Amino acid sequence: MAKIILSAVVCLAMFGSMAIAAGPCPEANGTYPVSGSCDAYIECVNGVAEEKLCPDGLLFNGRTSGYPCGYPIEVQCDQPQARSRPPQSTDECERQFGYYRMGDSKNCGQFKNCASGRGYILDCPDGLAWNPATYRCDWPDQVEDCDAEAFLGFKCPPLPARSPLLGEPEEEYTFYPSPNNCQQYFLCIEGRPRRISCGEDMAYNDELKQCDDIENVPNCSPEIKQRGIEIKNARLSAAAARKAGHK
């Protein structure tokens, strides 16, 4: 997922520079932190220093040789009594730039990307949840404030009790077919579910505990099976045509 942080470079003129004498430069060219601030920095060009501000929502990143501002999770700001300027909120965004989760613990699959104060609502791939700790779509059981069972609509059955003589179960995870979609299944890890899709021309085979050719899975409806067969045949025809074209 390409981050829209690149648009910050184009929009820097929107925020401007502070154009304040910043004192001598440690080196002729480079960027340096401003004491007591997380979002301001000093830019030195040919020995001339100028104090600038990162776009609202971004912080100075002294560890990069490229654009000097980044998202908060990418930046370690350990300035004493560090401060950032107040948010420049809009009707759509808390800050001009940033990523924000949409929904509650039962609806974790959407997030908002704010760029120049405009909010763009995006969906994670099916079965994944937005993780605000990493700015990525992740398995819902890995997202601290996401209720994986409510979000996926599936509760992992309890594992059968084991006697002391048999010891602990060898498997750390279990597989279950989706009750609503023959082309999906659930992987339960430590009692929490993950939903996995097999693909358009495949389905979950409960006997094999894996995805299989849709023609080998009897519990798919005739309509879904027919569509899967058509997709498979179309792919085979396309592959054959490409192979013939290379001869």
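Quick caveat, the model's predicted, so the values are computed rather than measured.

Chemist: Would you mind showing me how to read the sheet that holds strand S7 (residues 110-115) here?
Modeler: Strands belonging to one sheet form pairs held by backbone hydrogen bonds; the direction of such a pair is parallel or antiparallel. One open sheet holds the 3 strands; their spatial order is S6-S7-S8, and the pairing between them is antiparallel. Two strands lie at the open edges of the sheet, namely strand S6 (98-101) and strand S8 (118-123), each paired on one side alone. Within the sheet, the average angular offset between the axes of one strand and its neighbour, ignoring direction, is 25°. Bridging between S6 and S7 involves 4 bridges; their strand directions are antiparallel. Among the inter-strand pairings, Tyr-99 is bridged to a residue of S7, identified as Asn-113.

Chemist: Teacher, can you tell me more about the side chain of Gln-183 here?
Modeler: Structurally, the position occupied by Gln-183 is in the loop between strand S11 (173-177) and strand S12 (184-189). With near-sequence residues (within four places) excluded, Gln-183 lies in contact with Ile-196, Ser-197, Cys-198, Gly-199, Glu-200, Asp-201, Met-202, Ala-203, Tyr-204, Ile-214, Ile-224 and Arg-227.

Chemist: I would appreciate a short explanation of the sheet that holds S11 in the present structure.
Modeler: Judged by pairing direction, the sheet is antiparallel, and its 3 strands sit side by side in the order S11-S12-S13 without closing on themselves. Because the sheet does not close on itself, it has two edges, and the strands there are S11 and strand S13 (192-197). On average, adjacent strands in this sheet sit at an angle of 25° to one another, irrespective of strand direction. The pairing of S12 with S13 spans 6 bridges and is classified as antiparallel. Residue pairing across strands places Leu-187 opposite Arg-194, the latter belonging to S13.

Chemist: Honestly, the pairing of S11 in this entry has me stumped. Any pointers?
Modeler: Where a strand is regular, its side chains alternate between the two sheet faces. Residues Thr-174 and Tyr-176 of S11 are buried on one face, while the alternating residues Tyr-173, Phe-175 and Pro-177, pointing to the opposite face, are not. Note: S11 against S12, 5 bridges, orientation antiparallel. Along S12, the bridge assignment pairs Thr-174 with Cys-188. Linking S11 back to S12 in an antiparallel pair, the connection comprises 6 residues.

Chemist: Is there a simple way to think about the pattern of salt bridges in this case?
Modeler: Side chains that differ in charge, positive against negative, can pair when their charged atoms come close. Tallied over the full model, the rule gives 12 salt bridges. In this structure, Arg-194 and Asp-141 form a salt bridge, with 2.7 Å as the shortest nitrogen-oxygen distance. Residue Arg-194 is found in strand S13, and its partner Asp-141 is found in the loop between strand S10 (136-138) and helix H3 (148-152); the two are separated by 53 residues along the sequence. A salt bridge links Asp-213 to Lys-232, with the nearest nitrogen and oxygen atoms 3.1 Å apart. Taken as a pair, Asp-213 in strand S15 (residues 210-213) and Lys-232 in helix H4 (residues 222-245) lie far apart in primary sequence, 19 residues in all.

Chemist: Even after reading the chapter, I still don't get the side chain of Arg-195, so can you show me in this structure?
Modeler: Within the element layout of this structure, Arg-195 appears in strand S13. For Arg-195, a relative accessible area of 16% translates into the label buried. Side-chain polar atoms of Arg-195 contact the side chain of Asp-126, separated by 2.9 Å. One polar contact links the side chain of Arg-195 to the main-chain carbonyl oxygen of Leu-152, over a distance of 3.5 Å. Sequence-distant contacts of Arg-195, that is, excluding residues within four places in its chain, are made with Asp-126, Gly-127, Trp-139, Leu-152, Gln-184, Tyr-185 and Phe-186.

Chemist: For this particular structure, what's the right way to read the state of the cysteines?
Modeler: Disulfide: a covalent bond connecting the sulfur atoms of a pair of cysteines. By the definition in use, this model includes 9 disulfides. Between Cys-156 and Cys-188 runs a disulfide, and the two sulfur atoms are separated by 2.0 Å. An S-S torsion of about -95° defines the bridge between Cys-156 and Cys-188 as left-handed. Of this pair, Cys-156 sits in the loop between H3 and S11 while Cys-188 sits in strand S12, and the two are 32 residues apart along the sequence. In this structure, Cys-156 and Cys-188 share a single accessibility class: buried.

Thresholds applied
Residues numbered from 1 in each chain as written. Predicted model: local features only at pLDDT ≥ 70, side-chain atom pairs only at ≥ 80, totals over all residues. Heavy atoms only, no water. Pairing = 2+ DSSP bridges. Helix = DSSP H or I, 4+ residues; strand = E, 2+ residues; numbered from the N terminus. Axes fitted to C-alpha atoms, helices over the stretch in contact; angles between N-to-C directions. Contact = heavy atoms within 4.5 Å. Buried < 20%, exposed > 50% of the residue type's maximum accessible area, 1.4 Å probe, protein only. Salt bridge = Lys/Arg side-chain N within 4 Å of Asp/Glu carboxyl O. Polar contact = N/O pair within 3.5 Å; in protein donor to acceptor, adjacent residues only side chain to side chain. Disulfide = S-S within 2.5 Å.

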